[in-house]
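# Coordinate inspection notes
Now for the letters of each chain:
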Amino acid sequence: NAGVTQTPKFRVLKTGQSMTLLCAQDMNHEYMYWYRQDPGMGLRLIHYSVGEGTTAKGEVPDGYNVSRLKKQNFLLGLESAAPSQTSVYFCASSYAERETQYFGPGTRLLVL
Amino acid sequence: SQQGEEDPQALSIQEGENATMNCSYKTSINNLQWYRQNSGRGLVHLILIRSNEREKHSGRLRVTLDTSKKSSSLLITASRAADTASYFCATLNSGNTPLVFGKGTRLSVIA
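Residues numbered from 1 in each chain as written. Chains lettered and ligands numbered in written order. Predicted model: local features only at pLDDT ≥ 70, side-chain atom pairs only at ≥ 80, totals over all residues. Heavy atoms only, no water.

## Considerations on the interface of chain A and chain B
Counting from both sides, the interface comprises 20 residues of chain A and, opposite them, 23 residues of chain B. Both sides of the chain A and chain B interface together cover about 1700 Å² of buried area, and 49% of this is carbon and sulfur. The interface formed by chain A and chain B includes 1 salt bridge. As a salt-bridge pair, B:Arg50 and A:Glu99 come within 3.5 Å of each other at their nearest N and O atoms. Connecting chain A to chain B are 5 residue pairs in polar contact (both at pLDDT 80 or more). At the level of elements, β4 (31-38) and β5 (42-49) of chain A are the ones that each hand at least two residues to the side of chain A that touches chain B. Residues of the side of chain A that touches chain B, tallied by class, amount to 8 nonpolar, 6 polar and 6 charged. (Contact = heavy atoms within 4.5 Å. Buried area = accessible area lost by both parts, 1.4 Å probe. Salt bridge = Lys/Arg side-chain N within 4 Å of Asp/Glu carboxyl O. Polar contact = N/O pair within 3.5 Å; in protein donor to acceptor, adjacent residues only side chain to side chain. Helix = DSSP H or I, 4+ residues; strand = E, 2+ residues; numbered from the N terminus. Nonpolar A, V, L, I, M, F, W, Y, C, P; charged D, E, K, R; others polar.)

So, in structure tokens, the structure goes:
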């Protein structure tokens with residue numbers, strides 16, 4: 001089992017460029033989440049999904065879009081990157097909402 | 001908005017000593033979870049304690065929960081250099097909105 005994987009590991013973007021971060025899990029989990037982590041801010045939830053074909057907004061959704069076309073994949077899109085989106089992005093999944101979350105290794109994004 | 005707040009923000013101890021971290025929260029919870037994050041890595045789940053539980057153990061870890069004070073503590077006994085990491089509490093409130101993470105405690109264990 002690979003658990004939760006994230007692609008890419010590191011990316012540099014210029015302001016205004018777009019990109020998609022991919023999260024994949026092989027644990028047949030229903031719930032998937034995207035967080036961003038900034039120094040001194042802890043983890044903040046961007047968007048989450050409670051099952052294939054569903055998405056919901058978290059605490060900081062502006063500037064991001066997500067899709068969950070397949071149960072095992074959760075994509076995070078930045079349509080027009082801004083320097084404020086420089087961060088480390090983590091994906092996580094869980095069997096149920098009340099249970100343990102399993103995290104990916106993170107994607108470091110630098111927006112210049 | 002952060003629900004849980006860890007205290008202290010940073011803690012430095014000698015190897016072999018015990019480390020205690022605290023988490024306070026504001027609203028009623030369904031459960032409270034502790035996670036560890038090594039530098040440059042993703043978070044790893046340590047312990048989940050439900051609102052009707054008062055104490056749980058896992059190896060050298062002991063977690064307590066006091067719902068009347070809306071607080072939890074994580075005790076790491078006989079600490080090792082490998083315990084050096086950031087520790088986060090996360091709360092799932094009774095309204096079942098998604099897990100909310102605190103800002104973490106940075107623990108340094110000096111050999």
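## Here's the deal with the sheet that holds strand β3 (residues 19-25) of chain A
Residues and elements named next belong to chain A. If you walk across this open sheet you meet the 4 strands as β1-β3-β8-β7, and the pairing is antiparallel. Two strands in the sheet have a free side with no partner beyond their single neighbour: β1 (4-7) and β7 (65-67). The sheet shows a mean angle of 20 degrees between the axes of neighbouring strands, taken without regard to direction. (Pairing = 2+ DSSP bridges. Axes fitted to C-alpha atoms, helices over the stretch in contact; angles between N-to-C directions.)

## Overview of the packing of aromatic side chains
Enumeration according to the criterion identifies 8 aromatic pairs over all chains in this entry. When the centroid spacing of 6.4 Å and the interplanar angle of 20 degrees are considered together, the rings of A:Tyr33 and A:Tyr48 count as stacked. Within this pair, whereas A:Tyr33 is found in strand β4, its partner A:Tyr48 is found in strand β5, the two being separated by 15 residues in sequence. Taking the relative accessible area as the measure of exposure, A:Tyr33 reaches 2% and is therefore buried. On the basis of relative accessibility, which here comes to 15%, the residue A:Tyr48 falls in the buried class. With centroids separated by 5.4 Å and ring planes inclined at 85 degrees, the aromatic side chains of A:Tyr35 and B:Phe101 adopt a geometry described as edge-to-face. You can see A:Tyr35 sitting in strand β4 and its partner B:Phe101 sitting in strand β10 (residues 100-101), one on each of two chains. Side by side, A:Tyr35 and B:Phe101 carry an identical accessibility label, which is buried. A connected cluster of aromatic rings, assembled from ring pairs, spans A:Tyr33, A:Tyr35, A:Tyr48, A:Phe103, B:Tyr35 and B:Phe101. (Phe/Tyr/Trp six-rings, centres within 6.5 Å; stacked < 30°, edge-to-face > 60°. Buried < 20%, exposed > 50% of the residue type's maximum accessible area, 1.4 Å probe, protein only.)

## Let's talk about the pattern of salt bridges
All names here are of chain A. On inspection of all chains with the given rule, the structure shows 6 salt bridges over all chains. Residue Lys71 is joined to Glu30 by a salt bridge in which the shortest nitrogen-to-oxygen separation is 2.9 Å. A residue pair is termed long-range when its members are at least 10 positions apart, and Lys71 in the loop between β7 and β8 (73-78) and Glu30 in the loop between β3 and β4 qualify at 41 residues. Its salt-bridge partner being Asp38, residue Arg44 comes within 2.9 Å of it at the nearest N-O pair. Its relative accessible area of 17% is what places Arg44 among the buried residues.

## Re the pairing of strand β7 (residues 61-66) of chain B
Residues and elements named next belong to chain B. The side-chain alternation of β7 yields one buried face, formed by Leu61, Val63 and Leu65, and one unburied face, formed by Arg62, Thr64 and Asp66. As paired strands, strand β6 (residues 55-58) and β7 are joined by 4 bridges and run antiparallel to one another. Looking at the pairing, Glu55 lines up with Thr64 of β7. Taken together, β6 and the strand that follows it, β7, pair antiparallel across an intervening segment of 2 residues, in which Gly59 is found at a positive phi of about 60 degrees.

## A few points about the nonpolar core
Among the nonpolar cores identified, the biggest contains 21 residues, and B:Met21, B:Leu32, B:Trp34, B:Leu74, B:Ile76, B:Tyr87 and B:Leu107 are the most heavily contacted of them. For this core, the secondary-structure elements that each account for two or more residues are β3 (19-24), β4 (29-37), β5 (43-50), β7, β8 (71-76), β9 (85-93) and β11 (105-110) of chain B. Beyond its immediate stretch of four places on either side in the chain, B:Leu32 contacts B:Cys23, B:Tyr25, B:Ile47, B:Leu48, B:Ile49, B:Leu65, B:Ser72, B:Cys89, B:Ala90 and B:Thr91. Counting residues in each nonpolar core, the second largest holds 18 residues, with A:Val66, A:Leu76, A:Ala81 and A:Cys91 among its members. (Core = buried A, V, L, I, M, F, W, Y, C linked by side-chain atoms within 4.5 Å.)

## Things to note about the environment of B:Thr64
All names here are of chain B. Looking at the secondary structure, you find Thr64 in strand β7. Distance in space between the C-alpha atoms of Thr64 and Asn52 is 11 Å, their sequence separation being 12 residues. Non-local contacts of Thr64, meaning those with residues more than four positions away in its chain, are made with Ile49, Arg54, Glu55, Ser71, Ser72 and Ser73. Side chain to side chain, Thr64 and Ser73 meet in a polar contact 2.6 Å long.

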